[in-house]
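Residues per chain, in single letters:
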Amino acid sequence: MCLAIPGQLISINDHADSLARTGRVNFSGISKDISLAYVPEAKLGDYLIVHAGFALSVLDQEEALASLQAFDDLAAFQQI
C-alpha cells in the first residue's frame, strides 16, 4: 500500500520536449526533483501527488492543506 502525501511545486524546469519537463516539489521541508510529464497543466504553487518520482495529479489547494493537517494531527497524536 502506498501513502500519497501532497507536495507543493516550487520551481519548474521547462524543456522543449514536454515529457522531459521537471520541477522541484517541497514535501514539508524536503525538496525533490520530480517529473511533470503526466501533469502538463501544473504551475508554480500547485500541490501534486507524486509516486516513484512522477507527479500523477494536481490537487485542489484546500484538499491538499486538509490532508497535510490530518498528517500533522496524526503525528501529534502519536507523540502522546
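Residues numbered from 1 in each chain as written. Predicted model: local features only at pLDDT ≥ 70, side-chain atom pairs only at ≥ 80, totals over all residues. Heavy atoms only, no water.

Describing helix H1 (residues 61-78)
Given a rise of 1.5 Å per residue, 18 residues ought to cover 26 Å, and the 26 Å separating the end C-alpha atoms of H1 matches this to within 8%. Of the residues that open H1, the one with a side-chain oxygen 3.1 Å from the backbone nitrogen of glutamate 62 is aspartate 60. (Helix = DSSP H or I, 4+ residues; strand = E, 2+ residues; numbered from the N terminus. Expected span 1.5 Å × (residues − 1). Polar contact = N/O pair within 3.5 Å; in protein donor to acceptor, adjacent residues only side chain to side chain.)

Some thoughts on the pairing of strand S1 (residues 7-13)
Across two bridges, S1 lies against strand S4 (residues 47-51) in antiparallel orientation. In the sheet register, glycine 7 faces S4, and the bridge partner there is leucine 48. Two strands pair when backbone bridges link them, and S1 and strand S2 (residues 22-27) are joined in this way by five bridges, in the antiparallel orientation. Along S2, the bridge assignment pairs serine 11 with arginine 24. (Pairing = 2+ DSSP bridges.)

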